[in-house]
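A structural walkthrough
The primary structure of each chain is shown beneath.
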Amino acid sequence: MDRISQLTHSVLDDIDNCRDLESLENLRVKYFGKNGVITSELKSLSTLEKEEKKEIGKKLNLIKNTFFEKFEKKKKNIEVLIINEKLKEEDVDVSLPSRENNYFDSKIHPITQTINEIVSILGALGLTYEEGPDIEDDFHNFTALNIPENHPARQMHDTFYLGKNSNDYVLRTHTSPVQIRALKKNDFPLKIFAPGRTYRCDSDLTHTPMFHQVEGLVVDENINFANLKWFLEKFCRMFFDNENLEFRFRPSYFPFTEPSAEVDIKCKISSGKISIGDGNQWLEILGCGMVHPNVFAKVGIERKLSGFAFGMGIERLAMLKYGMPDLRNFYDGDLRWLNHYGFSFLDNSDLSWK
Ligand code: PHE
């Protein structure tokens, strides 16, 4: 066997014997590195006679091509082996759903669906969408809403305070601070609503530490309680898709509204099931009232204005409308629950107000 054929054999044998990426790379350097065996052979070609040069050059090129073809194949093989070894050692969560081709199986969470419905209805009733931050300062969450320090209403809210020793920042306990942010724009008439997350340090059958509210605020020169009543009745009838819904406005107390009321709707509760619209029991669904003059004063509004505000719990609205009995399931992240109570993203039948 001539020198070149021998070289070919040893090169290919060497590749076969490689077991890891490092030795494979060493091999590449050994033959084709700067001072590699074949690199030197190629360099010394120039010293040969024309015919010999042609013949040996051809053979060397063949070795080179074969080498790199085999080299790439071997590299891939080793990489696959490494991944397989890794997979053997690591736990794979086989319960994770596959992401391929099942877009149509995915579901919209009832909270998202309910917010979309509320956005659509309040939008159709002429309010515009506003947002506020989840992390609020004391002024927007309390003081400006006529809840001074040491006011018992602060305890009522089970506030999550942020920071070590100050009450400067809180996780907002309601969406009402968005009222203040909207009023500060000083642009009237003002007609806004603001859905979003709210937080209270409370967790039991009917409370989760994070929940959702939607706030509404309408301010102009001659807004009165009749406007408030008309508006909320209209909203509820649209939301529950029931023109005959009956209401009860009950006097209540909120520091930032005067007078204040809570609204109940008529319903039937039998064997743990609630049906809205008939029966003779009352269920509270929202808080509301006329904007307290102190609130206007706190944001420096001197014009003679009046307005109404309301706030509702979105989980509660969703549970009532869609007959979901247990609040805690909303945030369990259980796919079986979502498959049952979730909505298809193509189902916009409830969003036809626009
Ligand atoms: N912020 C009140 C709450 O969380 C609800 C409310 C909003 C009441 C606006 C009156 C007006 O309970």
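All values reported here derive from a predicted model rather than from experimental measurement. (Residues numbered from 1 in each chain as written. Predicted model: local features only at pLDDT ≥ 70, side-chain atom pairs only at ≥ 80, totals over all residues. Heavy atoms only, no water.)

Next up on the list: the site of the ligand. Taken together, 14 residues are adjacent to the ligand, and His-174, Ser-176, Arg-200, Gln-213 and Glu-215 come closest. Interatomic distance of 2.9 Å between a side-chain N/O atom of Ser-176 and a nitrogen atom of the ligand. Within the contact set of the ligand, an oxygen atom lies 3.0 Å away from a side-chain nitrogen or oxygen of Arg-200. In the complex, the protein chains occlude 90% of the 330 Å² of accessible area that the ligand would expose alone. For the shell around the ligand, the secondary structure elements donating two or more residues are strand E6 (210-220), strand E10 (281-291) and strand E11 (306-313). Per element, the largest residue contribution to the shell around the ligand is 3 residues, and it comes from E11. Grouping the amino acids of the shell around the ligand by side-chain chemistry returns 5 nonpolar, 7 polar and 2 charged. (Near = heavy atom within 4 Å. Polar contact = N/O pair within 3.5 Å; in protein donor to acceptor, adjacent residues only side chain to side chain. Areas by Shrake-Rupley, 256 points an atom, 1.4 Å probe, with all protein chains shown as cover. Helix = DSSP H or I, 4+ residues; strand = E, 2+ residues; numbered from the N terminus. Nonpolar A, V, L, I, M, F, W, Y, C, P; charged D, E, K, R; others polar.)

Here we take up the sheet that holds strand E3 (residues 161-162). Here we have 3 strands laid out as an open sheet, ordered E2-E4-E3, and antiparallel in their pairing. The open sheet terminates on both sides in strands that have one partner only, identified here as strand E2 (135-137) and E3. (Pairing = 2+ DSSP bridges.)

This part is about the pairing of strand E9 (residues 273-276). In this structure, strand E8 (residues 257-270) lies alongside E9, joined through 4 bridges in antiparallel fashion. Bridge pairing in E9 links Lys-268 to Ser-275. Hairpin remark: E8 followed by E9, antiparallel, with 2 residues in the connecting loop; positive phi at Ser-271, about 35 degrees.

Mapped onto the secondary structure, Thr-208 falls in the loop between strand E5 (190-199) and E6. For Thr-208, a relative accessible area of 11% corresponds to the buried category. Only 2.7 Å separates the side chain of Thr-208 from the backbone oxygen of Met-210, close enough to count as a polar contact. Apart from the residues lying within four places of it in its own chain, the contact partners of Thr-208 are Arg-200, Asp-202, Leu-327 and Tyr-331. (Buried < 20%, exposed > 50% of the residue type's maximum accessible area, 1.4 Å probe, protein only. Contact = heavy atoms within 4.5 Å.)

Of note, Ser-106 is situated in the loop between helix H4 (50-89) and helix H5 (110-124). As for Ser-106 and Phe-343, which are separated by 237 residues in sequence, their C-alpha atoms are 8.5 Å apart. Look past the residues within four positions of Ser-106 in its chain and what remains in contact with it is Phe-343 and Phe-345.

Below, the discussion takes up the nonpolar core. If you look at the biggest cluster of nonpolar residues, it comprises 44 residues, and the most contacted ones within it are Leu-122, Phe-235, Phe-240, Leu-286 and Phe-310. Broken down by secondary-structure element, the contributors of at least two residues to this core are H5, E6, helix H9 (225-239), E8, E10, E11, helix H11 (314-322) and helix H12 (335-341). In terms of residues, this core owes the most to one element, H9, which gives 7 residues. Formed by 22 residues, the second largest nonpolar core is a distinct cluster that contains Phe-142, Leu-190, Phe-296 and Ile-301. (Core = buried A, V, L, I, M, F, W, Y, C linked by side-chain atoms within 4.5 Å.)

Another aspect to go through is a negative patch on the surface. Together, Glu-89, Glu-90, Asp-91 and Asp-93 make up a negatively charged patch on the protein surface. Summarising the element assignment, Glu-89 is placed in helix H4. (Patch = residues over 30% accessible without salt bridge, like charges linked within 9 Å, V, L, I, M, F, W, Y side chains within 5 Å. Salt bridge = Lys/Arg side-chain N within 4 Å of Asp/Glu carboxyl O. Lys, Arg positive; Asp, Glu negative; His and termini not counted. Charge placed at Lys NZ, Arg CZ, Asp CG, Glu CD.)

To describe two helices that pack against each other, one gives the angle between their axes and the distance between the axes. One can describe the packing of H5 onto H9 by two numbers: an axis separation of 10 Å at closest approach and a directional angle of 130 degrees. As far as their axial angle goes, H9 and H5 are oblique. Handedness of the H5/H9 crossing: right-handed. Mapping the contact onto sequence places Thr-114, Glu-117, Ile-118, Ile-121 and Leu-122 in H5 and Phe-231, Phe-235, Met-238 and Phe-239 in H9. Of the residues contributing to the contact of H5 with H9, the split by class is 7 nonpolar, 1 polar and 1 charged. (Axes fitted to C-alpha atoms, helices over the stretch in contact; angles between N-to-C directions. Parallel < 35°, antiparallel > 145°, perpendicular 65-115°, else oblique. Left-handed = near helix turned anticlockwise from the far one by under 90°.)

On to the domain arrangement of the chain, then. Domain assignment breaks the chain into domain 1 (3-88) and domain 2 (110-348). Centre-to-centre separation of domain 1 and domain 2, based on C-alpha positions: 73 Å. (Domains from an automatic or database assignment.)

With that settled, consider the packing of aromatic side chains. Applying the stated criterion to the full structure yields 17 aromatic pairs. Note on Phe-225 and Phe-249: the rings are 6.3 Å apart at their centroids and 70 degrees apart in plane angle, and the pair reads as edge-to-face. On the criterion of sequence distance, the pair formed by Phe-225 in helix H9 and Phe-249 in strand E7 (residues 247-254) is long-range, its members being 24 residues apart. Among the residues examined, Phe-225 registers a relative accessible area of 28% and is labelled partly exposed. (Phe/Tyr/Trp six-rings, centres within 6.5 Å; stacked < 30°, edge-to-face > 60°.)

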